[in-house]
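Given next are the chains, with one letter for each unit.
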Number of protein chains: 2
Amino acid sequence: MRSHFCGLVDESMIGQTVTLCGWADVARNLGGLCFIDLRDHEGIVQIVAEPSEAEGNAEVLAAAAAVGYEDCLRVTGTVRRRASVNTKIRTGQVEVLATRIELLNKAQPLPFHAHENPGEDIRLKYRYLDLRRPEMQRMMRTRIRLVQALRRWLDARGFQDIETPILTKATPEGARDFLVPARLHPGEFYALPQSPQLFKQILMMAGFDRYYQIARCFRDEALRADRQLEFTQLDMEFAWVEERDVQDSVERMIRDVFREVIGVELDDPFPRMTYAEAMRRYGSDKPDLRIELELVDVVELVKDSQFKVFTDWASHADGRVAALRVPGGAAFSRKQIDDYGAHAGKFGAKGLAWIKLGEDGAFSSPIQKFFEPAAFEALATAVGLQKGDIAFFGAGTYKVVSDFMGALRLKVGKDLGLVQEGWKPLWVTDFPMFEWDDEQQRFVALHHPFTAPAVDDIAGLKANARTAVSRGYDMVLNGNEIGGGSIRIHRPDMQRAVFELLGIGAAEAEAKFGFLLDALKYGAPPHGGIAFGIDRIAALMAGTDSIRDVIAFPKTTTAQCLMTGAPSPVPEQQLAEVHVRVVAKTQE
Amino acid sequence: MRSHFCGLVDESMIGQTVTLCGWADVARNLGGLCFIDLRDHEGIVQIVAEPSEAEGNAEVLAAAAAVGYEDCLRVTGTVRRRASVNTKIRTGQVEVLATRIELLNKAQPLPFHAHENPGEDIRLKYRYLDLRRPEMQRMMRTRIRLVQALRRWLDARGFQDIETPILTKATPEGARDFLVPARLHPGEFYALPQSPQLFKQILMMAGFDRYYQIARCFRDEALRADRQLEFTQLDMEFAWVEERDVQDSVERMIRDVFREVIGVELDDPFPRMTYAEAMRRYGSDKPDLRIELELVDVVELVKDSQFKVFTDWASHADGRVAALRVPGGAAFSRKQIDDYGAHAGKFGAKGLAWIKLGEDGAFSSPIQKFFEPAAFEALATAVGLQKGDIAFFGAGTYKVVSDFMGALRLKVGKDLGLVQEGWKPLWVTDFPMFEWDDEQQRFVALHHPFTAPAVDDIAGLKANARTAVSRGYDMVLNGNEIGGGSIRIHRPDMQRAVFELLGIGAAEAEAKFGFLLDALKYGAPPHGGIAFGIDRIAALMAGTDSIRDVIAFPKTTTAQCLMTGAPSPVPEQQLAEVHVRVVAKTQE
């Protein structure tokens, strides 16, 4: 239907006849001439209709005059040099003198203009119009190139792209499953996979050696700006490997792909940091290294003060007292300080103490009175306080202080413009094997129950579960966990022991994971892998904060598709066929 | 963990030290020597442990002696020339003299041996062992290479790989939807997509120009050997195209991919046939051209006979009387003829008439008595009957006769070894737009409700709906419909008219397809596409009849995963969270 793309018409084609298809981006009538900007995915070219003696010219002029915004057109004409060059577009040296203008589909008045960015609800309802916008095309195509580059890299290295089921058994990743009633098995349900975790481990036991899949995963959890009901991960698994085999391989992959897709050269090698170090220095297991500020532990310097909050936590076995110096923060108003306190409060802080050192060299601080002058000066020195700075202090359990001081660090960094340009990847390693859940009074897995512990010895693991370190690892980029993985347990006795430590009894283990325990018995090779969040990486590459900008048809934070209207009610009869019925609110 | 793959050790490595990982395929003790066949995905190599003065030799011998079938091992040793060459394996010139044998994971006695093919239930339950078998590895890897080749072809040509939602709205392809209760929207449900049909059309309206996706699709229908609850299609769509643009492009793709993956050169170009011709000559819209037998229409030759079944249908407006000559079929026993009658009966035949022409030139036929001798000879001549042949005759409505005579043609072809070697692709085109459904007393769409009719004129379509031809097309290979597509409707008025003809009222159309009708209003470009069945194409390439051989974790014909045990019951509490409960049989 066309000979060329609109956006690729250039000076080399001057004098040629071309046929173009696209949308009327703008149409103007000026002194008997009609100008139409015709747009396709490659860009825009100017079409001109002008009076002439040529046969059919009257039809061309009439058709041009009738063109409306976003009409779908086919135009035939001759490429010629443009009188007034437009340097803003690639085709700005040329225009097409129309000899035929065909209206393929008339557009009714649009709910919004392709050059506008209306509210997100409108954008999602009319997603087909939203996606026509050049900015959305750019972001979506960045994602497409990312996935293409990943696949090419993996295919060239012997990774086998294998599909695993979407209709499967309830998975054990800890999040809530989506359920699908089984018509042929009344009262039974399939579950959508939270990840292909067990299938990929099984594939290693099945002899596929290297596996990958761009896999759709599903979690029925509260939605946030960066979460969707369904999301996409690059899922990978390797047989006969140790940590560094996996890490080195995928680090090369990520570096190669960033270079190829957005021309960015990432560190080689990525810095490495243990979980303990990351929590100590940054209060986070996914530190944003673009912000140079670090936490400072001050237990030794506050334990002899009169400030009870500090002294209590300083003597607590699991206590932490940490400070964050904010350059220039002495200028913060009382309101600003309160706002930071409130922000930290969202992450568990009961309050924030602070010390200002004014430009005049004078301290001001609500906690100064609790310290001997020399001890106070020593504290200020220890946190690196300089004239014009403020330091915030937090006290509490190690985990809670790390969380809120880490959150404070990020907020202060963003507010004060302390986030450096560029890309800061790192590996975080040596995660704890378990976390103690006070509420449930049991251990929970920090990665997942199939992650191998660093020790091979089952008795040792049981004796030291609280301090046990796993063989898990995360890849972090600019404060985002973009990939997470581990070496897996490949011995059935160790897998049983870990289930036991997690409070999964033998019967439950058999019911849920019997096939895994079986498979481990028949010569399962050592194996490990990783999964990368494609939506997040694509958003980072495209330079957007919202993963919805790199998903063609995303759902809202209320889990709806505004375009199709999903979810929606279903006739009784259809529900009866799958042996369920809706429970009214009162019956629940 | 390893330096080389087992299956790739070769003579160039003689004298080198290698470290290999794999499974013990066979272990034998012979006169103080131990031989182990070590297997990985690349193949098998022989490991030898023999007595020597070397340090640690005792440990090596002990480890080798203890090796059991499918133990997972790491072996270090020296490559040397083998005394007795094994020409059956790639590594048969060499062996590895072990200096270290490490047991990575002991295998318990297996439910079956990797060189066996036990019943399918056992294979599916222990899928990880089944997939280790070299034959399964070969078939699965054929599929992987197919998908890789398709992607490479499409990526190189500007097709955009875009993911569409799995949690979506009830789709209208006619099959039964899988439903997913929506936790945040009590009483509402998502549906799993039967295909990304509407999303890919929307993507064309959104300016993506060329789209593809290796898409998971879901149909809750009765399972047959070649059906799964979830299946994979290569889904494609093109903007600004006509039929031949799509067909020529994907025909090249299929030809290129067959050449690349299995070294087969398909016809160039593919033969083309209308639906009407396919039904007339082969009684099928997916004719297997490897069988040369064709149906012969004989209405004119039987209409003056005394055989009432023939004369009734010969005078019926929608009647068909057709014959199939079977070379050598005069030798069929009465039992064989009855069996073919029963087979045709499964496809709607009330009975099969027949004429035998013996090697002696004598006819035998239950219907001979209804014909004048000359008319009988003329009939036999018309169907091409030669000495030793039989001809079967069927009468009924056009559709039913085509169906059962087409099925008979396939069965006879297979039984008599008349299926030629090789690959016979073709295009089937000019499908009817609608089929009249007697039961529902309404038209149903032969492709789907978004397929464009061959005419642009709405009044004309309405007036001639029964005979209207669509712009749909199928790609057929060796009797399998491997791809189906169409040019779509891109005008809202035509889409409304087709909905109306299909008995979808304005309100229902708005509720189900409102977003499509909306999208068509805003300058939708002409567009069309196609979808290919990846499971079926992979099975054909791998040379297996069952698509389950090219799916890593297939479900049974009773919709179960024998490995994981899906589907399974779910706790009441979990159901309550999504606002449904199970309806007991008696309540339904």
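Worth saying up front: this structure is predicted, and the values here are computed from it rather than measured. (Residues numbered from 1 in each chain as written. Chains lettered and ligands numbered in written order. Predicted model: local features only at pLDDT ≥ 70, side-chain atom pairs only at ≥ 80, totals over all residues. Heavy atoms only, no water.)

### Description of the overall build of chain A
Put simply, the rule is: In this text, helices come from DSSP runs of H or I with a minimum length of four residues, and strands from runs of E with a minimum of two, each type numbered from the N-terminal end. Categorising residues by exposure relies on relative accessible area from a 1.4 Å probe, with only protein chains included: less than 20% of the type maximum marks a residue as buried, more than 50% marks it as exposed, and the intermediate range marks it as partly exposed. A positive count includes Lys and Arg, and a negative count includes Asp and Glu. His and the chain ends are not counted in either. The atoms used to mark charge sites are NZ of Lys, CZ of Arg, CG of Asp and CD of Glu.
For chain A, the count of helices and strands is 17 helices and 24 strands. Projected onto its principal axes, the C-alpha coordinates of chain A cover approximately 100 × 75 × 55 Å. Sorting the 588 residues of chain A into buried and exposed places 57% on the buried side. Computed over 71 positive and 82 negative side-chain charges, the separation of the two mean positions in chain A equals 2 Å.

### Some remarks on the interface of chain A and chain B
As a reminder, the rule being used: In this description, contact between two residues means that some pair of their heavy atoms is separated by no more than 4.5 Å. A quick way to say it: buried area is the sum, across both parts, of accessible area lost when two parts are put together, with a 1.4 Å probe. Throughout this description, the term salt bridge denotes a Lys or Arg side-chain nitrogen within 4 Å of a carboxyl oxygen of Asp or Glu. Polar contact is the term for a pair of N or O atoms within 3.5 Å; when the atoms are in protein, one must be able to donate a hydrogen and the other to accept it, and sequence-neighboring residues count only if both atoms are side-chain atoms. Note that Gly is not counted as nonpolar here; it falls among the polar residues with everything else outside the nonpolar set of Ala, Val, Leu, Ile, Met, Phe, Trp, Tyr, Cys and Pro and the charged set of Asp, Glu, Lys and Arg.
The interface is formed by 124 residues belonging to chain A together with 124 residues belonging to chain B. Looking at the side of chain A facing chain B, the largest losses of area belong to Glu163(A), Trp240(A) and Tyr522(A), adding up to 8% of the total buried there. At the boundary of chain A with chain B, the tally comes to 10 salt bridges. Notably, a salt bridge pairs Glu577(A) with Arg176(B), separated by 2.8 Å at the nearest N-O pair. For the pair chain A and chain B, the interface holds 55 residue pairs in polar contact (both at pLDDT 80 or more). Counting residues per element, the side of chain A that touches chain B draws most heavily on helix H4 (residues 134-155) of chain A, at 9 residues. In the side of chain A that touches chain B, the residues fall into 69 nonpolar, 24 polar and 31 charged.

### A word on helix H10 (residues 334-346) of chain B
Residue and element names in this part refer to chain B. Short version of the rule: Expected span of a helix, by definition, is 1.5 Å for each gap between consecutive residues, and there is one gap fewer than residues. Here the arc refers to the directions that run from the helix axis out to each C-beta atom.
Taking 1.5 Å per residue as the helical rise, H10 with its 13 residues ought to reach 18 Å, and the 19 Å between its terminal C-alpha atoms agrees with that figure. Restricting attention to buried positions, one finds in H10 the residues Ile337, Tyr340, His343 and Ala344. Seen along its axis, H10 keeps its buried residues to an arc of 115°; they face one direction. Exposed and oriented more than 90 degrees from the buried face of H10 are Arg334, Lys335 and Lys346. Residues of H10 that are buried sit in contact with strand S14 (353-357), strand S16 (389-397) and helix H12 (398-415). Positive backbone phi, approximately 110°, marks Gly348, located one or two places after H10.

### Considering the pairing of strand S13 (residues 319-326) of chain B
Residue and element names in this part refer to chain B. The condition that has to hold: In short, DSSP must find at least two bridges between two strands for them to pair.
Burial runs high along S13: 7 of the 8 residues are buried. Sheet analysis places strand S12 (residues 295-297) next to S13, joined by 3 bridges and oriented antiparallel. When the sheet's bridge partners are listed, Asp297 is paired in S13 with Ala322. Examined bridge by bridge, S13 and S16 share 8 bridges and lie antiparallel to one another. Along S16, the bridge assignment pairs Val321 with Ala395.

### Focus on the side chain of Asp40(B)
Residues and elements named next belong to chain B. Looking at where Asp40 falls in the secondary structure, it is placed in strand S2 (residues 33-40). Here Asp40 occupies a buried position and makes no salt bridge, while the nearest side chain of opposite charge, Arg2, is found at 5.1 Å. A polar side-chain atom of Asp40 sits 3.5 Å from the main-chain amide nitrogen of Gly7. Looking at Asp40, its side chain comes within polar contact range of the main-chain nitrogen of Glu42, at 2.9 Å. Residues within four places of Asp40 in sequence aside, it is in contact with Phe5, Cys6, Gly7 and Cys21.

### Some words on the environment of Gly388(A)
Locating Gly388(A) in the fold gives a position in the loop between helix H11 (373-382) and strand S16 (389-397). The contact partners of Gly388(A), leaving out residues within four places of it in the chain, are Gly328(A), Gly329(A), Ala330(A), Ala331(A), Leu357(A), Gly358(A) and Glu359(A).

### Concerning the sheet that holds strand S23 (residues 568-569) of chain A
If you trace the 3 strands from one edge of the open sheet to the other, you get S23(A)-S8(B)-S7(B), paired in antiparallel fashion. Looking at the sheet topology across the chains shown, the edges are occupied by S23 of chain A together with strand S7 (179-181) of chain B. Where S23(A) lies against strand S8 (residues 188-191) of chain B, 2 bridges are found, and the strand directions are antiparallel. From the neighbouring strand, Ser568(A) faces S8(B), where its bridge partner is Phe189(B).

### A short note on the UniProt feature "binding site: L-aspartate" (unreviewed entry) in chain A
Residue and element names in this part refer to chain A. To be explicit about the condition: UniProt positions are given in the numbering used here, feature names are shortened, and annotations may be inferred rather than shown by experiment.
Taking the UniProt record as the reference, the feature "binding site: L-aspartate" (unreviewed entry) is found at Glu173, Arg219, His447 and Arg488. By the secondary structure assignment, Arg219 is in the loop between strand S9 (210-218) and strand S10 (230-239). On the basis of relative accessibility, which here comes to 26%, the residue Arg219 falls in the partly exposed class. From its side chain, Arg219 meets the backbone oxygen of Gln194 in a polar contact 3.5 Å long. Residue classification places His447 among the partly exposed positions, given a relative accessible area of 25%.

### Some points on the domain arrangement of chain A
Stated formally: Note: domain ranges come from an automatic or database domain assignment.
Here the domain parsing of chain A yields domain 1 (6-105), domain 2 (118-271 + 526-588) and domain 3 (291-419). Here domain 2 of chain A and domain 3 of chain A have C-alpha centroids that lie 40 Å from each other.

### Details of the pairing of strand S20 (residues 472-477) of chain B
Residues and elements named next belong to chain B. For S20, the buried fraction is high: 6 of the 6 residues fall into the buried class. In S20, alternate side chains face the same way, and those of Gly472, Asp474 and Val476 on one face and Tyr473, Met475 and Leu477 on the other are all buried. Sheet topology note: the strand S17 (residues 425-429)/S20 ladder contains 5 bridges and is antiparallel. Within the sheet, the bridge partner assigned to Val428 lies in S20 and is Asp474. Two strands pair when backbone bridges link them, and S20 and strand S21 (residues 480-487) are joined in this way by 6 bridges, in the antiparallel orientation.

### Some details on the UniProt feature "binding site: ATP" (unreviewed entry) in chain A
All names here are of chain A. In this numbering, the UniProt entry assigns the feature "binding site: ATP" (unreviewed entry) to Arg219, Asp220, Glu221, Gln228, Glu481, Gly533, Ile534, Asp535 and Arg536. When its relative accessible area of 44% is taken as the criterion, Glu481 is described as partly exposed. Asp535 sits in the buried class, given a relative accessible area of 6%. Setting aside residues no more than four positions away along its own chain, Asp535 makes contact with Arg143, Phe231, Thr232, Ile547, Val550 and Ile551.

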